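Structural description and commentary
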Amino acid sequence: MAEPLLPLLVEPAELEKVLGAPGLAVVDVGEERNFLVRHVAGAVLLPYRALVVARPPAGGLLPEDSALEAAFS
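Residues numbered from 1 in each chain as written. Predicted model: local features only at pLDDT ≥ 70, side-chain atom pairs only at ≥ 80, totals over all residues. Heavy atoms only, no water.

Take the pattern of salt bridges next. As enumerated under the stated definition, the model contains two salt bridges in all. The salt bridge partner of Arg-55 is Glu-64, with a shortest N-O separation of 3.4 Å. (Salt bridge = Lys/Arg side-chain N within 4 Å of Asp/Glu carboxyl O.)

Another point: the pairing of strand 4 (residues 58-61). With two bridges joining them, strand 3 (residues 53-55) and strand 4 adopt antiparallel strand pairing. Following the sheet pairing, Arg-55 is matched in strand 4 by Ala-58. Counting the residues in the hairpin turn of strand 3 and strand 4 gives two residues. (Pairing = 2+ DSSP bridges. Helix = DSSP H or I, 4+ residues; strand = E, 2+ residues; numbered from the N terminus.)

Tracing the chain through its elements places Gly-30 in the loop between strand 1 (27-28) and helix 2 (32-37). Its relative accessible area of 27% is what places Gly-30 among the partly exposed residues. Along the chain, Gly-30 and Arg-49 lie 19 residues apart, while their C-alpha atoms are 9.1 Å from each other. Ignoring anything within four residues of it in the chain, the contact list for Gly-30 reads Leu-45, Pro-47 and Tyr-48. (Buried < 20%, exposed > 50% of the residue type's maximum accessible area, 1.4 Å probe, protein only. Contact = heavy atoms within 4.5 Å.)

Turning our eyes to something else, we now look at a nonpolar patch on the surface. A contiguous nonpolar surface patch, about 360 Å² in accessible area, is contributed by Val-27, Val-29, Val-44 and Tyr-48. Inspection of the secondary structure puts Val-44 in strand 2 (residues 44-45). With a relative accessible area of 46%, Val-44 lands in the partly exposed category. (Patch = residues over 30% accessible without salt bridge, like charges linked within 9 Å, V, L, I, M, F, W, Y side chains within 5 Å. Areas by Shrake-Rupley, 256 points an atom, 1.4 Å probe, with all protein chains shown as cover.)

What follows is the structure, given as structure tokens:
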């Protein structure tokens, strides 16, 4: 596997240096209302709620594979 351009979490100055690089995807997992106001240029919105599901008594679990496939597509 190729070495990643950046770690999963990165400071803005480091990200700015590689924006637009082939194979780089910037994903915002915040709230849509915040994304609409301001986000990194070229970022895509993937709401956190699309990545988790609650099955009492636990919350924050991974959803079924089909739900993740839909979120990532």
